[in-house]
Structures are given as structure tokens and as C-alpha cells.
Amino acid sequence: MSKVASKTTVEGGEVITYTLTYSNQGGTTIYNAGIQDYLPVGMTYVVGSASGGGIYDSGQLTWTFPSLAPGDSVTETYQTQVGLQVHTGEVMTNKACLM
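Residues numbered from 1 in each chain as written. Predicted model: local features only at pLDDT ≥ 70, side-chain atom pairs only at ≥ 80, totals over all residues. Heavy atoms only, no water.

Colleague: Is there a simple way to think about the sheet that holds strand β2 (residues 15-23) in this case?
Modeller: Sheets are built from strands paired through backbone hydrogen bonds, the pairs being either parallel or antiparallel. With antiparallel pairing, four strands are arranged side by side in an open sheet as β1-β2-β7-β4. The open sheet has two edge strands, β1 (2-5) and β4 (43-45), and neither has a second partner. Strand-to-strand twist of the sheet, defined as the mean angle between neighbouring strand axes without regard to direction, takes the value 30 degrees. Both β4 and strand β7 (residues 73-82) contribute to a ladder of three bridges, which runs antiparallel. Looking at β7, one finds that Tyr45 is bridged to Thr80. (Pairing = 2+ DSSP bridges. Helix = DSSP H or I, 4+ residues; strand = E, 2+ residues; numbered from the N terminus. Axes fitted to C-alpha atoms, helices over the stretch in contact; angles between N-to-C directions.)

Colleague: Before we go on, may I ask you to explain the environment of Val91 in this structure?
Modeller: Along the chain, Val91 falls in the loop between β7 and β8 (95-98). For Val91, a relative accessible area of 71% corresponds to the exposed category. A sequence separation of 82 residues divides Val91 from Thr9, and the C-alpha atoms of the two residues are 9.2 Å apart. (Buried < 20%, exposed > 50% of the residue type's maximum accessible area, 1.4 Å probe, protein only.)

Colleague: What am I meant to see in the packing of aromatic side chains here?
Modeller: Aromatic ring pairs: the centre-centre distance and the angle between the two ring planes describe each pair. One pass over the full model with this rule turns up four aromatic pairs. Measuring from ring centre to ring centre gives 6.3 Å for Tyr22 and Phe65, while their planes differ by 25 degrees; the resulting arrangement is stacked. Residue Tyr22 is located in strand β2, and its partner Phe65 is located in strand β6 (residues 60-68); the two are separated by 43 residues in the primary sequence. With respect to burial, Tyr22 and Phe65 carry one shared label: buried. Aromatic rings pair up to connect Tyr18, Trp63 and Tyr78 into one cluster. (Phe/Tyr/Trp six-rings, centres within 6.5 Å; stacked < 30°, edge-to-face > 60°.)

Colleague: Is there a simple way to think about the sheet that holds strand β3 (residues 30-38) in this case?
Modeller: Spatial ordering of the open sheet is given by β5-β6-β3-β8, a layout of four strands whose pairing is antiparallel. Of all strands in the sheet, those with a lone pairing partner are β5 (55-57) and β8, marking the two edges. Pairs of neighbouring strands in the sheet enclose a mean axial angle of 20 degrees, with direction left out of account. In this sheet, β6 lies alongside β5 in antiparallel orientation, the contact comprising three bridges.

Right under this line is the structure:
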């Protein structure tokens, strides 16, 4: 899985677009898989920005897909806004995982 941010250095109030891509590099179909992405404190989800039916709840975005054949990939995007309380030089880590 890869995750790419549209910006790596931001100031409070700016919007970041994240692109997450997962591919099935194995030899069998994966069933009932998904992606979870946890927003760090100081970032706010931009309502309605999640592609592909992503669901936001309590600081977490979730995408599910019923199956992914060998060699297929899924790409999803969403946006966050950096809080005004974030200070210059502050490092924020935004992590995603497969489920």
C-alpha cells in the first residue's frame, strides 16, 4: 500500500489531499478487505471529500471492497484541513493500514 500527500509542508488552515493505493500482488483473490486511515490530532476531515464510498467516523476513514483480484488495485483519495493551532515546524504523522 502507498500513501501520498499533495503537500509535505503546510501551514495552519491549508488543505491536503491524500491518495491511498492498494494492489493485490498475490496469486489469489482477496475478499472483504479494506483500508483504514487515522487522522492525527490537528487535522480535520473535509466533509464529502472521500472517494469510493469512504466513510468518516470519529477521526477515522474506512473504505471496504468485497474482492480484489490478483494484479488489481484500488485508489482512494480524501482531504484534510490543517488546524490553525498547528505550529510551524510541527511534525504530524498520518497513518493508514489494511484491514
